Amino acid sequence: MPDLSQIVKAYDVRGVVPDQLDENLARLFGAAFAEIAGEGGGAASAVVVGHDMRPSSPGLARAFALGAAERGADVTEIGLCSTDQLYYASGALDRPGAMFTASHNPARYNGIKMCRAGAAPVGQDSGLADIRALVERWSADGAPEPVAKPGTLEPRDTLGDYADHLRSLVPLDGMRPLKLVVDAGNGMGGHTVPTVLAGLPLTVDALYFELDGTFPNHEANPLDPANIVDLQARVRETGADLGIAFDGDADRCFVVDERGEPVSPSAITALVASRELAKSPGATVIHNLITSWSVPEVVRESGGVPVRTRVGHSFIKQEMARTGAVFGGEHSAHYYFRDFWNADTGMLAALHVLAALGGQDRPLSDLVAAYDRYAASGEINSTVADQAGRAAAVRAAYQDRPGAVLDELDGLTVTAEDWWFNLRASNTEPLLRLNVEARDDATMAAVRDEVLALVRADA
């Protein structure tokens, strides 16, 4: 029996193909998903399945679809798609969905991101544990007999409808011509960007648009500075107005300005929040606890209500549903929209950036300066043998610090008048993750170095 504890994560399934995830296992996951992904946790009458460009993805997705059909679900196969295109299909067709991708992981990996109808998240507490239990039972005892009336398999192209929906949500009329570089990292951005941006007054310089799940040029993870070097260089060489990079499944986007300098996801969150609040005055905006101070400030200045959450898409989506929030953003370049079934879509955030830049004459660096107000360390990872012990040492060092306020919403956050930091343990690796922000570079560096010395004292 496969060891599912190694591949069933908090929010998805992810493992090495075929050692940990193969088509037989994908078929069982499809059957289990159809069994419990319907309304109220019952059987689903119809599901939608898509996949990315990895060599193993078509076979795994088809096996999953066959497993779901064997349990009586009618399966719409949308083929090659980005993860947010799968969310679009789940929302527009109002049926549960499954996306085969391992995002930015290396080529030997694959995985399954699942959602309920309307792109509602499936995680450990919202169905994934039940799916795992069914797969484990069937792996041990043999899969149940197929239902009397199996479901059907039907192909459907949703790319055009997805693009039309995104463009309906952002006013793009009247924008000035822009020149941009887009790095798709050989991922699904190469599939979606040409259709979404078609017909706009844009000159697009395409980097690595060839779909290739072996990632021959660089990892499709734009949050790693090493993976945007080519994008930065091309923007500078060509005098482009901006650059945009997408991750492997194109649900995250990362922006560089006309100088090739990275624009922080917090600044993008604040920019998009201000635009969404202009359409929905007084609405709520969700941000996780390691986005910049500038995000809640801009939300309040724009007449909105900021709500702070833990890190992770399930927490963001839960709070968006609870509060009716118009928008949510994370430091990791995930952006969530009420008009997109509370799901995350980097492409919609990119359209907002293009509309904002094209709607005025200043360069992007000037435009985002209003939203990038503080000095930030970025996320710094430290390998430690004793996560709890080192975190406790940091807590002890700051708990009696005059003017410091501690909270443990997610890890340890310490806030003072001129700075804050958050220290969180990784759920999957022996790491402590540190984020520091301050009102100036010198203060940020001093706090960063002090905390890192405590974290790494036993290294």
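Computed from a predicted model, the values in this text were never measured in an experiment.

## Focus: the overall build of the protein chain
Alright, step 1. Secondary structure summary: the protein chain contains 14 helices and 22 strands in total.
Alright, step 2. Radius of gyration (C-alpha) of the protein chain: 22 Å, near the 23 Å computed for a compact globule of 459 residues.
Alright, step 3. Across its three principal axes, the protein chain shows a C-alpha extent of roughly 70 × 55 × 45 Å.
Alright, step 4. By residue count, 56% of the 459 residues in the protein chain fall in the buried class.
Alright, step 5. For the protein chain, the computed accessible surface area is about 17800 Å², with 48% contributed by carbon and sulfur atoms.
Alright, step 6. Here the protein chain contributes 39 positive and 63 negative side-chain charges, whose respective centroids are spaced 2 Å apart.

## Digging into the sheet that holds strand 9 (residues 202–207)
Alright, step 1. Pairing is mixed across the open sheet formed by five strands, whose spatial order is 9-8-10-11-12. Each edge of the open sheet is held by one strand with a lone partner, namely strand 9 and strand 12 (262–263).
Alright, step 2. In the sheet, strand 8 (residues 178–183) pairs with strand 9 via six bridges, with the strands oriented parallel. Considered in strand 9, the bridge of Leu 180 is made with Val 204.
Alright, step 3. Contacts from helix 7 (residues 229–238) reach strand 8, strand 9, strand 10 (242–246), strand 11 (253–256) and strand 12, with the element oriented near 160° to strand 8.
Alright, step 4. Along the sheet face, helix 11 (residues 346–358) touches strand 8, strand 9, strand 10 and strand 11 and points at about 175° away from the line of strand 10.

## Examining the sheet that holds strand 15 (residues 327–329)
Alright, step 1. A sheet is described by the order of its strands in space; here four strands give the open sequence 14-13-15-16, paired in mixed fashion. Edge positions in the sheet fall to strand 14 (305–309) and strand 16 (335–337), since each has one partner strand and no second. When the angles between neighbouring strand axes are averaged without regard to direction, this sheet yields 20°.
Alright, step 2. Across three bridges, the pairing between strand 15 and strand 16 is antiparallel. Its bridge partner lying in strand 16, Phe 327 is registered against Phe 337.

## Observations concerning the UniProt feature "domain: Alpha-D-phosphohexomutase C-terminal" (unreviewed entry) in the protein chain
Alright, step 1. When the UniProt feature table is mapped onto this chain numbering, "domain: Alpha-D-phosphohexomutase C-terminal" (unreviewed entry) sits at residues 379–453.
Alright, step 2. Here residues 379–453 runs as 33% helix and 35% strand, with 16 Å between its end C-alpha atoms.

## Quick notes on the nonpolar core
Alright, step 1. The biggest cluster of nonpolar side chains holds 73 residues, and the ones touching the most others in it are Leu 197, Leu 242, Phe 246, Leu 351, Leu 354 and Leu 364.
Alright, step 2. No other element matches helix 11, which puts 10 residues into this core.
Alright, step 3. Counting residues in hydrophobic clusters, the runner-up holds 37 residues, among them Leu 25, Ala 31, Phe 33 and Phe 100.

## Some remarks on the domain arrangement of the protein chain
Alright, step 1. According to the domain assignment, the protein chain contains domain 1 (12–158), domain 2 (178–259), domain 3 (265–369) and domain 4 (375–456).
Alright, step 2. For domain 2 versus domain 3, the separation of C-alpha centres amounts to 21 Å.
Alright, step 3. With 22 residues of domain 2 at the interface, the matching set in domain 3 holds 20 residues.
Alright, step 4. Together, the buried faces of domain 2 and domain 3 total about 1600 Å²; carbon and sulfur atoms form 78% of this surface.
Alright, step 5. Inspection of the region where domain 2 meets domain 3 yields zero salt bridges.
Alright, step 6. Applying the counting rule to domain 2 against domain 3 returns four residue pairs in polar contact (both at pLDDT 80 or more).
Alright, step 7. At the level of secondary structure, the elements contributing two or more residues to the side of domain 2 that touches domain 3 comprise strand 8, helix 6 (189–197), strand 10 and strand 11.
Alright, step 8. Of the residues belonging to the side of domain 2 that touches domain 3, the class tally is 15 nonpolar, one polar and six charged.

## Structural notes on the side chain of Thr 101
Alright, step 1. One can find Thr 101 in the loop between strand 4 (97–100) and strand 5 (109–116).
Alright, step 2. Relative accessible area serves as the criterion here: at 1%, Thr 101 is assigned to the buried category.
Alright, step 3. Reaching out from Thr 101, the side chain makes a polar contact with the backbone nitrogen of Ser 103 at a distance of 2.9 Å.
Alright, step 4. Setting aside anything within four residues of it in sequence, one finds Thr 101 in contact with Asp 52, Arg 54, Thr 83, Asn 110, Gly 111, Ile 112, Lys 113 and Asp 249.

## A word on the state of the cysteines
Alright, step 1. Inspection of every chain in the model, using the stated rule, returns zero disulfides.
Alright, step 2. Cysteine Cys 81 shares no disulfide, and the gap to the nearest cysteine sulfur, in Cys 115, comes to 11 Å.
Alright, step 3. Cys 81 gets classed as buried once you look at its relative accessible area, which sits at 0%.
Alright, step 4. Judged by relative accessible area, Cys 115 falls into the buried class, the value being 1%.

## Some points on the packing of aromatic side chains
Alright, step 1. On inspection of all chains with the given rule, the structure shows 11 aromatic pairs.
Alright, step 2. Where Tyr 398 meets Phe 421, the ring centres are 5.0 Å apart and the plane angle is 65°; that geometry is what we call edge-to-face. You can see Tyr 398 sitting in helix 13 (residues 387–398) and its partner Phe 421 sitting in strand 21 (residues 419–425), a full 23 residues away along the chain. As far as the burial class goes, Tyr 398 and Phe 421 line up, both buried.
Alright, step 3. Put simply, the rings of Tyr 88, Tyr 162, Phe 340 and Trp 341 pair up and form one aromatic cluster.
Alright, step 4. In this structure, Lys 317 is placed above the aromatic ring of Tyr 87, and the distance from its NZ or CZ to the ring centre is 4.7 Å.

About the thresholds
Residues numbered from 1 in each chain as written. Predicted model: local features only at pLDDT ≥ 70, side-chain atom pairs only at ≥ 80, totals over all residues. Heavy atoms only, no water. Helix = DSSP H or I, 4+ residues; strand = E, 2+ residues; numbered from the N terminus. Rg over C-alpha atoms; globule rule 2.2 N^0.38 Å. Buried < 20%, exposed > 50% of the residue type's maximum accessible area, 1.4 Å probe, protein only. Areas by Shrake-Rupley, 256 points an atom, 1.4 Å probe, with all protein chains shown as cover. Lys, Arg positive; Asp, Glu negative; His and termini not counted. Charge placed at Lys NZ, Arg CZ, Asp CG, Glu CD. Pairing = 2+ DSSP bridges. Contact = heavy atoms within 4.5 Å. Axes fitted to C-alpha atoms, helices over the stretch in contact; angles between N-to-C directions. UniProt positions renumbered as here; feature names shortened; annotations may be inferred. Core = buried A, V, L, I, M, F, W, Y, C linked by side-chain atoms within 4.5 Å. Domains from an automatic or database assignment. Buried area = accessible area lost by both parts, 1.4 Å probe. Salt bridge = Lys/Arg side-chain N within 4 Å of Asp/Glu carboxyl O. Polar contact = N/O pair within 3.5 Å; in protein donor to acceptor, adjacent residues only side chain to side chain. Nonpolar A, V, L, I, M, F, W, Y, C, P; charged D, E, K, R; others polar. Disulfide = S-S within 2.5 Å. Phe/Tyr/Trp six-rings, centres within 6.5 Å; stacked < 30°, edge-to-face > 60°. Lys NZ or Arg CZ within 6 Å of the ring centre and 35° of its normal.

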